[in-house]
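Understanding the architecture of this molecule
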Amino acid sequence: MRFQQLPLLPLIWGTTIALTQSPIHALSPLLPEATTNELLHLHRHLIEIESITENEYEVGQWLSTYLKKQNFTVELQEVSENRYNVYAYGGEKRSTSILVSSHIDTVPPFWPYYHNKTTDIIGGRGSVDAKGSVAAQIVAVQGLREQLNDDISLLFVVGEETGGDGMRAFSSWSERPSPAHEVVIFGEPTEGKLVCGHKGMLQLTIHVKGKAAHSGYPWLGVSANDILSEALSKLLVLRNGGLPSSEKYGNTTMNFGKIEGGVAANVVAETASAKIAVRLAGGTPKIVYDLVVEALTDVKAGAKQAGGDLLIERESEGYPPVNIDCDVEGFETLTVNYGTDVPLLAGEHKRFLYGPGSIFVAHSDHEALEKKELEQAVLDYRRLIIAASKVEHHKTQEVEEL
Ligand SMILES: *[C@@H]1O[C@H](CO)[C@@H](O)[C@H](O)[C@H]1NC(C)=O
Ligand SMILES: *[C@@H]1O[C@H](CO)[C@@H](O)[C@H](O)[C@H]1NC(C)=O
Ligand SMILES: *[C@@H]1O[C@H](CO)[C@@H](O)[C@H](O)[C@H]1NC(C)=O
């Protein structure tokens, strides 16, 4: 029972708080019962409302009502028709020092909520990615508002799973709180560890144009499929050691995610394309793009000579590997290979990335986590927020000393 007292410890700036040493014991409740009940209630409702990307309206409305009941001021930012980011703060201060953020959209398909009381495993679409983070963040913030004089706000965005249009919209919002938040805590499944960084991203599409002909007379046409096959074989060579690597992130990987071409077995293919995702372990999107262009120079020249063409299209700007702050005592750390909204929030701020549950189940049909992971996440978010507020306090002190 003594752990129940921990979150209620008075916070004294500049002193070390025993929270970092809280051991996890299977038999000791991690949170007071009322707090756990609130956490499970919130988590359950969020999962029960289907919110596959593009369909976030209802979950956003529910969340907004919930936060208002908790005495937050809630603002909705329209991202596109019927899609809203939810921004909430508790006091007078709209532009708080600390921002806690995650996303409310999920990948398809929808899976219903369940809570197996025997195993205390809770599952359903979004239970891990990222409604576990959302619920734990809200409960964590709710418990610290008073101590922090409400100098903390919440942001739940849409569209994270398909390129981050929600976070991009917040970043460039004409009403974005200003001055910008100084510390941002992002929530994504990280197995309860603090993430020190993730790989970068570059998405390419290779378009090939040929010339159709009867397959009995292939010399009358130019096969786009042949040209694309040649191009991909060059890229297979390139990705086997020719792309940037680093000690922190390992090798850059390149996935041929979708290949299309031609119309039938007996027709020389007129068009072909390949969609490629590159996860950068080093370098920049520009460097990798240039390497791809160089590797395909001969194939492109050959295609043009034959009367076809090959174009390499960059789907978006992409980003280099993203280093994230992870210098908080008492946390295990790791690096991950998936992308997040972290690089999409413009501005200078200290940033952390943490959340309950494993990425390995996140997009699967068995997405689930243990009740105690959720509870631990509440405690961990509180530790992070406290660490973040010390960064803040430290700065204020420096200013006072000047
Ligand atoms: C919200 O504020 C009202 C009025 O101050 C108070 O009675 C109520 O307990 C608060 N609710 C929560 C969840 O803090
Ligand atoms: C809960 O999980 C246990 C162990 O996997 C299983 O035997 C049981 O049937 C589950 N209970 C429900 C209600 O699904
Ligand atoms: C990186 O790729 C090289 C081959 O290019 C391989 O030998 C090495 O094991 C790979 N490293 C990792 C961490 O996968």
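Residues numbered from 1 in each chain as written. Chains lettered and ligands numbered in written order. Predicted model: local features only at pLDDT ≥ 70, side-chain atom pairs only at ≥ 80, totals over all residues. Heavy atoms only, no water.

The condition is simple: UniProt positions are given in the numbering used here, feature names are shortened, and annotations may be inferred rather than shown by experiment.
Looking at an unreviewed UniProt entry, one finds the protein named Zn-dependent exopeptidase, with Periconia macrospinosa as its source organism. Looking at the Cofactor (unreviewed entry) heading of the UniProt record, one finds this comment for the protein: "Zn(2+)".

**Side note on the site of ligand 3**
Put simply, the test is: Only heavy atoms are used to decide nearness, and a residue is near a molecule or strand if one of them lies within 4 Å of it. Polar contact criterion, stated in full: a pair of N or O atoms within 3.5 Å, where within protein one must be able to donate a hydrogen and the other to accept it, and residues adjacent in sequence count only if both atoms are side-chain atoms. Each accessible area is a Shrake-Rupley result for a 1.4 Å probe, and residues are judged covered by the shown protein chains and nothing else.
As a matter of local geometry, ligand 3 sits amid N240, G241 and N251. Interatomic distance of 2.3 Å between a side-chain N/O atom of N251 and an oxygen atom of ligand 3. Considering ligand 3 on its own, with 360 Å² of exposed area, one finds that the protein chains cover 29% of that surface.

**Topic: the domain arrangement of the protein**
Filter applied, for reference: Domain ranges listed in this record stem from an automatic or a database domain assignment. Residue contacts are counted whenever heavy atoms from the two residues lie within 4.5 Å of one another. Here the quantity called buried area is the total loss of accessible area, with a 1.4 Å probe, experienced by two parts when brought into contact, counted for both. Just to be clear on terms, a salt bridge is a Lys or Arg side-chain nitrogen sitting within 4 Å of an Asp or Glu carboxyl oxygen.
Along its sequence, the protein is carved into domain 1 (31-198 + 321-401) and domain 2 (200-314). Taken together, the contact between domain 1 and domain 2 spans ten residues of the former and eight residues of the latter. The largest contributions to the domain 1 side of the interface with domain 2 come from P321, T335 and N337, which together make up 64% of the buried area. Scanning the region where domain 1 abuts domain 2 turns up zero salt bridges. Taken together, the connections running from domain 1 to domain 2 amount to four residue pairs in polar contact (both at pLDDT 80 or more).

**Points about the site of ligand 1**
All residues adjacent to ligand 1 are K69, Q70 and N71. One nitrogen or oxygen atom from the side chain of N71 is found 2.2 Å from an oxygen atom belonging to ligand 1. The protein chains hide 27% of the 360 Å² of surface that ligand 1 would expose on its own.

**Here's the deal with the packing of aromatic side chains**
To keep it simple, the criterion reads: What counts as a ring pair is set by centres within 6.5 Å for rings of Phe, Tyr and Trp (its six-membered ring), and what kind of pair is set by the plane angle: stacked under 30 degrees, edge-to-face over 60, tilted for all other angles. Helical segments are the DSSP runs of H or I of at least four residues, strand segments are the runs of E of at least two, and each set is numbered from the N terminus. Only protein chains enter the accessibility calculation, which uses a 1.4 Å probe. A residue is then buried if its area is under 20% of the maximum for its type, exposed if over 50%, and partly exposed in between.
With the rule as written, the count across this model stands at eight aromatic pairs. Plain terms: the ring middles of W62 and Y66 are 5.5 Å apart, the flat faces sit at 20° to each other, and that makes the pair stacked. Of this pair, W62 and Y66 both sit in helix 3 (residues 57-69), separated by four residues, roughly a single helical turn. Of the residues examined, W62 reaches a relative accessible area of 21% and is grouped as partly exposed. Judged by its relative accessible area of 7%, Y66 is buried.

**Details of the environment of L40**
With respect to the helices and strands, the residue L40 is situated in helix 2 (residues 33-48). Among the residues examined, L40 registers a relative accessible area of 14% and is labelled buried. Setting aside anything within four residues of it in sequence, one finds L40 in contact with Y113, H115, I122, K371 and L374.

**Some remarks on the nonpolar core**
Quick reminder of the rule: Side-chain atoms within 4.5 Å link the members of a nonpolar core, which is a set of buried Ala, Val, Leu, Ile, Met, Phe, Trp, Tyr and Cys residues.
With 56 residues, the main nonpolar core has L67, I138, L154, L384 and I385 as its most contacted residues. In terms of residues, this core owes the most to one element, helix 10 (residues 371-401), which gives nine residues. For I138, the residues in contact, after removing those within four places along its chain, are L42, L63, Y66, L67, L154 and F156. Within the second largest apolar cluster, 29 residues are counted, among which are V222, L232, L235 and L310.

**As for the sheet that holds strand 14 (residues 309-314)**
Backbone hydrogen bonds hold the strands of a sheet together, and the pairing may be parallel or antiparallel. What counts is decided by this rule: Two strands make a pair as long as DSSP finds a minimum of two bridges between them. Note on geometry: axes are lines fitted to C-alpha atoms, helical ones only across the stretch in contact, with angles between N-to-C directions running from 0 to 180 degrees.
Ordered in space as 12-13-9-14, the four strands form an open sheet in which the pairing is antiparallel. Two strands close off the open sheet at either side, each with one partner strand: strand 12 (253-261) and strand 14. Averaged over all pairs of adjacent strands, the angle between strand axes in this sheet comes to 15°, irrespective of strand direction. Two strands pair when backbone bridges link them, and strand 9 (residues 200-209) and strand 14 are joined in this way by six bridges, in the antiparallel orientation. Across the sheet, H207 pairs through a bridge with L311, a residue of strand 14.

**Here we look at the UniProt feature "domain: Peptidase M20 dimerisation" (unreviewed entry) in the protein**
Within this structure's numbering, the places UniProt gives as "domain: Peptidase M20 dimerisation" (unreviewed entry) are residues 197-297. Within the segment residues 197-297, helix and strand shares are 28% and 35% respectively, and the terminal C-alpha atoms sit 33 Å apart.

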